[in-house]
Amino acid sequence: MGFARTCSVALVGVDGVVVEVQADLEPGVAAFTLVGLPDKSLTESKDRVRAAVVNSGGEWPQKKLTVGLSPASVPKGGSGFDLAIACAALGASERIDPRVLSDIVMIGELGLDGRVRPVRGVLPAVLAAADAGYEQVVVPECAAAEASLVPGVSVLGVRSLRQLIAVLTDEPVPDEDPDEQGRTDPLAGLRMPGTGAATGMHGVGAAQYDHGHDLSDVVGQLSARTAVEVAAAGGHHLFLEGPPGAGKTMLAERLPAILPRLVRQESLEVTAVHSVAGLLPPGKPLVDVAPYCAPHHSATMQALVGGGQGVARPGAVSLAHRGVLFLDETPEFSSHALDALRQPLESGHVVIARSAGVVRFPARFLMVLAANPCPCGRFSQRDTLCECSPSAIRRYQARLSGPLLDRVDLRVEVDRVTRSQLTERGARGESTETVADRVRAARERAAARLTDTPWRTNSEVPGRELRSRWYASPGAMDDAERSLERGVLTARGLDRVLRVAWTVADLAGRDRPGAADVTLALQLRTGVPRGVPMAIGAPS
């Protein structure tokens, strides 16, 4: 009887569970049994592993082979166990010394020719292995850079099973031809339906690299530009309402570029989510810029918050984690899909329960809503171009529920661009670089104030903490408190006004908000003009 064991990782959402892969050989009719709650794709690994071993020059044992995946109570799926199963079987047949395998974590899919193919979720799998105390990991060669992001782990990238056998048995390592140049990115096949371009993920943080999209391209729109800057500085949600062609989409597309680059921990969180979804950019294993996700208005609730059959997959709110989620034509989204955003907007994560288990995805994003004022898009208090009936306008605007809008900090009307603004020469607004520098400085002020707390931006600070630890100037909140008494603001709305006021003060370089900062925050919150200039740093 022969026995060997090695390890792999089962992913549950973006969390990993180290799985011990045990192989047992005993006399009897040649058979291959796989136990331990495998799914369909994992059950099919029996044929893949057998063909890969034979085509790699190995000899498949003609005995009864039983492979167990422990802990047996954890559901396991995917093809990432192939490499571990093959090596455990070869260890049981004494082709590989079983003692060498016991402390190695192996992640990778096997082709029938013995090639090691990439799989989703390499980064969270290696993080789970490191947390469990393992120091050696074997992954596909093309995923070695991603696995190497985890400190304290020795990563071996292999192209084929033949190479791995040679390394483990101290034999000369054979040369393997690399993938042919010009072929499709090997990770392209990992992208699941619903997690590619259809979600608006045309490139993680694409605005950071596209110098053709600059904030100075936006003509006019001083109020909207100020709101975008405040949203970026404090992480506040934003609602842009205005006629078609006024620049709502232009502003949203340029918002990621003024957000600060992600710190190390944030980068690992974002990279883990995109690794599970198969959306990591080719040749760039670490996502260090804010992602941008813009799903179409036909997206379902599962596409937005995550879900799917079997084990739940990340949705748009998780793909936009630490970045921007842009919902264009927001009233056209399903009301059920929009209302499902309420919980992640408050908690910063989403918990999805399915028959296969409960998963938790991070979902702390900056939401930007864009909508027309009416079905025809021409309703305005300044002219009579709209042909919609008052009842049609009310029904259209009522598609956005009050509880959802109550979670939006900034509400700005984007005016129609005039002829003089379009034709005026030399009247470009501030560039993305200038605004990004100001946003970064404001974030640093907030971070210094929030040192030794679990929060990093003003939008994350609970209202009770703002009222008990950090105070506005005396009398600065009087106008906001009167709005609360008149029913214009809810209690949550009052807290959000105070958060926005702190962000305005940070942008202006003040130690605490004054009356002018709170009034500007009220104006941004309610969308009702209050006689203050829509500019940062207005005198108090």
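Refer to the structure presented above.
What you see is a predicted model, and the numbers here were worked out from it, not measured in a lab.

A. View of the packing of helix 5 (residues 122–131) against helix 11 (residues 264–277). Axis separation between helix 5 and helix 11 bottoms out at 7 Å; the angle between their running directions is 120 degrees. Here helix 5 is positioned oblique relative to helix 11, judged by the angle of their axes. In this structure, helix 5 uses Val122, Leu123 and Pro124 to contact helix 11, whose residues at the interface are Leu268, Thr271, Ala272, Ser275 and Val276. Its residues assigned to classes, the contact of helix 5 with helix 11 shows six nonpolar, two polar and no charged.

B. Highlighting the side chain of Thr457. With respect to the secondary-structure elements, Thr457 resides in the loop between helix 19 (432–449) and helix 20 (463–468). A residue is classified by how much of its surface remains accessible, and Thr457, at 7% relative accessible area, is buried. If we ignore the near neighbours within four places in the chain, the residues touching Thr457 are Gly234, Arg443 and Leu450.

C. Representation of the packing of helix 19 against helix 22 (residues 491–508). One can describe the packing of helix 19 onto helix 22 by two numbers: an axis separation of 8 Å at closest approach and a directional angle of 115 degrees. Considering how the two elements wind past one another, helix 19 and helix 22 form a crossing that is right-handed. Facing Arg438, Val439, Ala442, Arg445, Ala446 and Arg449 of helix 19, the residues of helix 22 in contact are Trp502, Asp506 and Leu507. When its residues are assigned to classes, the contact of helix 19 with helix 22 shows five nonpolar, no polar and four charged.

D. Representation of the pairing of strand 8 (residues 136–140) within the structure. Burial analysis of strand 8 places four of its five residues in the buried class, which makes it a mostly covered element. In terms of strand pairing, strand 5 (residues 104–106) meets strand 8 through three bridges, oriented parallel. Note on strand 8: the bridge partner recorded for Met106 is Val138. In the sheet, strand 8 pairs with strand 9 (residues 154–158) via five bridges, with the strands oriented parallel. Within the sheet, the bridge partner assigned to Val139 lies in strand 9 and is Gly157.

E. Local environment of helix 23 (residues 515–526). Compared with an ideal rise of 1.5 Å per residue, which puts 12 residues at 16 Å, helix 23 spans 16 Å between its outermost C-alpha atoms and is within 8% of the ideal. The buried fraction of helix 23 is high, at 11 of 12 residues. Inspection of helix 23 places Ala516, Asp517, Val518, Thr519, Leu520, Ala521, Leu522, Gln523, Leu524, Arg525 and Thr526 among the buried residues, and these make up the whole buried set. Note on helix 23: the residue one or two positions beyond its end, Gly527, has a positive phi of about 75 degrees.

F. Summary view of the sheet that holds strand 11 (residues 292–293). Taken together, five strands build an open sheet; the order of strands is 11-12-15-10-16 and the sheet is parallel. On the outer flanks of this sheet lie strand 11 and strand 16 (410–413), each paired with one strand and no other. Pairing geometry for strand 12 (residues 324–327) and strand 15 (residues 366–371), over four bridges, is parallel. The partner of Phe326 across the bridge, within strand 15, is Val368.

G. Quick look at the nonpolar core. Counting 54 residues, the largest nonpolar core has Leu238, Leu240, Leu255, Ile258, Val368 and Leu524 as the members making the most contacts within it. Among the nonpolar cores identified, the runner-up in size contains 38 residues, and Val21, Val53, Leu69 and Phe81 belong to it.

H. Representation of the packing of aromatic side chains. Under the definition given, this model contains one aromatic pair. Here the aromatic rings of Phe32 and Trp60 are separated by 5.5 Å at their centres, their planes lie at 40 degrees, and the arrangement is tilted. Pair noted here: Phe32 is in strand 3 (residues 31–35) and Trp60 is in the loop between helix 2 (45–55) and strand 4 (64–70), with a separation of 28 residues, a long-range link. Accessibility expressed as a relative area gives 10% for Trp60, which makes it buried.

I. Inspection of unusual backbone geometry at higher detail. At the junction of Ser70 and Pro71, the peptide bond is cis and its omega measures out at 10 degrees in the coordinates. Mapped onto the secondary structure, Pro71 falls in the loop between strand 4 and helix 3 (82–92). For Glu94, which is not glycine, the phi dihedral falls at a positive 65 degrees. Considering the arrangement of structural elements, one finds Glu94 in the loop between helix 3 and helix 4 (98–101). Judged by relative accessible area, Glu94 falls into the exposed class, the value being 65%.

J. Just the state of the cysteines, in detail. Counted under the stated rule, the structure contains zero disulfides. Not part of a disulfide, Cys142 finds its nearest cysteine sulfur in Cys87, a span of 17 Å. Taking relative accessible area as the criterion, Cys142 reaches 43% and is therefore assigned partly exposed. Not part of a disulfide, Cys376 finds its nearest cysteine sulfur in Cys374, a span of 3.4 Å. By relative accessible area, Cys376 is classed as partly exposed at 27%.

K. Structural view of the pattern of salt bridges. Evaluated as defined, the whole model comprises 34 salt bridges. One salt bridge in this structure joins Glu241 and Arg411, with 3.7 Å as the shortest N-O distance. Here Arg411 lies in strand 16 and Glu241 lies in strand 10 (residues 238–241), a separation of 170 residues in the sequence.

The rules behind each value
Residues numbered from 1 in each chain as written. Predicted model: local features only at pLDDT ≥ 70, side-chain atom pairs only at ≥ 80, totals over all residues. Heavy atoms only, no water. Axes fitted to C-alpha atoms, helices over the stretch in contact; angles between N-to-C directions. Helix = DSSP H or I, 4+ residues; strand = E, 2+ residues; numbered from the N terminus. Parallel < 35°, antiparallel > 145°, perpendicular 65-115°, else oblique. Contact = heavy atoms within 4.5 Å. Nonpolar A, V, L, I, M, F, W, Y, C, P; charged D, E, K, R; others polar. Buried < 20%, exposed > 50% of the residue type's maximum accessible area, 1.4 Å probe, protein only. Left-handed = near helix turned anticlockwise from the far one by under 90°. Pairing = 2+ DSSP bridges. Expected span 1.5 Å × (residues − 1). Core = buried A, V, L, I, M, F, W, Y, C linked by side-chain atoms within 4.5 Å. Phe/Tyr/Trp six-rings, centres within 6.5 Å; stacked < 30°, edge-to-face > 60°. Disulfide = S-S within 2.5 Å. Salt bridge = Lys/Arg side-chain N within 4 Å of Asp/Glu carboxyl O.

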